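Listed here are the chains, written in short residue letters.
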Amino acid sequence: MARGRFITLEGGEGAGKSTQIALLKTALEAKGIAVIVTREPGGSQGGEEIRSLLVNGETHRWEPLTEALLNYAARYEHLQKLILPALENGTWVLCDRFADSTMAYQGYGHGMDREIIRRLHRLVVDTVTPDLTLIFDMPVEQGLKRAGLRGAGEDRYERMGREFHERLRQGFLDIAQKEPERCALIDATGDIGAVAMAVAAEVSHRLKVDL
Ligand code: TMP
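Residues numbered from 1 in each chain as written. Predicted model: local features only at pLDDT ≥ 70, side-chain atom pairs only at ≥ 80, totals over all residues. Heavy atoms only, no water.

A short note on the overall build of the protein chain
Phase 1: The number of helices and strands found in the protein chain is eight helices and five strands.
Phase 2: When the helices and strands of the protein chain are listed from N to C terminus, the series reads β-α-β-α-α-β-α-α-β-α-α-β-α.
Phase 3: Summarising its shape, the C-alpha atoms of the protein chain cover approximately 45 × 35 × 30 Å along the three principal directions.
Phase 4: Here the protein chain holds 211 residues, and 49% of them are scored as buried.
Phase 5: Of all intrachain contacts in the protein chain linking residues separated by at least 6 positions in sequence, the fraction that spans at least 24 positions is 78%.
Phase 6: In the protein chain, the 27 positive side-chain charges and the 31 negative ones have mean positions that sit 1 Å from each other. (Helix = DSSP H or I, 4+ residues; strand = E, 2+ residues; numbered from the N terminus. Buried < 20%, exposed > 50% of the residue type's maximum accessible area, 1.4 Å probe, protein only. Contact = heavy atoms within 4.5 Å. Lys, Arg positive; Asp, Glu negative; His and termini not counted. Charge placed at Lys NZ, Arg CZ, Asp CG, Glu CD.)

Thoughts on the packing of aromatic side chains
Phase 1: The final tally for this structure, using the stated rule, is four aromatic pairs.
Phase 2: Relative to tyrosine 157, the ring of tyrosine 105 has its centre 5.4 Å away and its plane inclined at 90°; by these criteria the two rings are edge-to-face. With a gap of 52 residues between them, tyrosine 105 in helix 4 (residues 99-109) and tyrosine 157 in the loop between helix 6 (140-149) and helix 7 (162-178) connect regions that are remote in the sequence. Accessibility assignment for this pair places tyrosine 105 and tyrosine 157 in one class, buried.
Phase 3: Among the aromatic residues, those joined into a ring-pair cluster are Tyr105, Tyr157, Phe164 and Phe172. (Phe/Tyr/Trp six-rings, centres within 6.5 Å; stacked < 30°, edge-to-face > 60°.)

Description of helix 6
Phase 1: Of all the positions in helix 6, only Val140, Gly143 and Ala147 are classed as buried. Buried residues in helix 6, looked at end-on, bunch into an arc of 70°, giving them a common side. Exposed residues on helix 6 whose side chains face more than 90 degrees from its buried face are Glu141, Lys145 and Leu149.
Phase 2: Turning to helix 6, the residues buried within the fold contact helix 7.
Phase 3: Of the residues trailing helix 6, glycine 151 is marked for its positive phi of about 100°. (Arc of directions from axis to C-beta.)

Looking at helix 4
Phase 1: For helix 4, a buried count of 11 out of 11 residues is recorded, marking the element as mostly surrounded by other parts of the structure.
Phase 2: Of all the positions in helix 4, only Ala99, Asp100, Ser101, Thr102, Met103, Ala104, Tyr105, Gln106, Gly107, Tyr108 and Gly109 are classed as buried.
Phase 3: Buried residues along helix 4 sit against strand 1 (6-11), helix 3 (64-88), helix 5 (114-124), strand 4 (132-137) and helix 7.
Phase 4: Glycine 111, located one to two residues past helix 4, shows a positive phi value of around 75°.

Overview of the sheet that holds strand 3 (residues 92-96)
Phase 1: Ordered by their spatial adjacency, five strands build an open sheet running 2-3-1-4-5, and the pairing between neighbours is parallel. Of all the strands in the sheet, the pair left with one neighbour each is strand 2 (35-39) and strand 5 (183-187). The average angle at which neighbouring strand axes cross in this sheet is 20°, direction not considered.
Phase 2: Of the strand pairs in this sheet, strand 2 and strand 3 are connected by five bridges, and their pairing is parallel. Following the sheet pairing, isoleucine 36 is matched in strand 3 by valine 93.
Phase 3: Against the sheet, helix 7 engages strand 1, strand 4 and strand 5, with an angle of about 140° to strand 4. (Pairing = 2+ DSSP bridges. Axes fitted to C-alpha atoms, helices over the stretch in contact; angles between N-to-C directions.)

Here's the deal with the side chain of serine 44
Phase 1: Looking at where serine 44 falls in the secondary structure, it is placed in the loop between strand 2 and helix 2 (45-55).
Phase 2: Taking relative accessible area as the criterion, serine 44 reaches 10% and is therefore assigned buried.
Phase 3: Setting aside residues no more than four positions away along its own chain, serine 44 makes contact with Glu77, His78 and Lys81.

This is the structure:
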């Protein structure tokens, strides 16, 4: 059986990833493709427990390296328990955030030594690389406003201040520019239908499906 495809969705707060991931799942399933949707941090039972440590509570409760370690611990569980078995089974995996979020948030946002993140990545993730990464981009102000409208809870990062969010937006733009083969930049400022069309166009073109 052919291995499933691994698609990750990345971007700052309030960029509309959750809506788009659900639409993409429906579009792929309509083509007879088996799909699971998952997220990071989270996606496995242990990963979800780690998630709640990361997304709730005091803004400065963790050192940046601790955040990176917690995310990579959750990621290892996620890969072993869910992502790799699904891909081997021929199922496509749509993942709301993956390793680029650690580089953008802990690396660019918190200013962590990026070489340490790359070393952690080699240790934990090794050669598992997404077939496609969709990077949702929008101005920080617009994203934070939309994220705020979603309501309270899981908002530890939303509270981190405008400059932090500007740095991580720049981080995602740098990643997209450095790895154009893997990454497609999606203008997330349009309405839901326009963004869905841009997503479908990238997936169709790059992964050779007709959405
Ligand atoms: P979200 O999935 O609802 O956007 O929430 C997850 C939060 O965790 C989000 O603010 C980004 C942050 N995050 C990191 O800081 N590092 C990571 O490696 C990951 C996966 C997420």
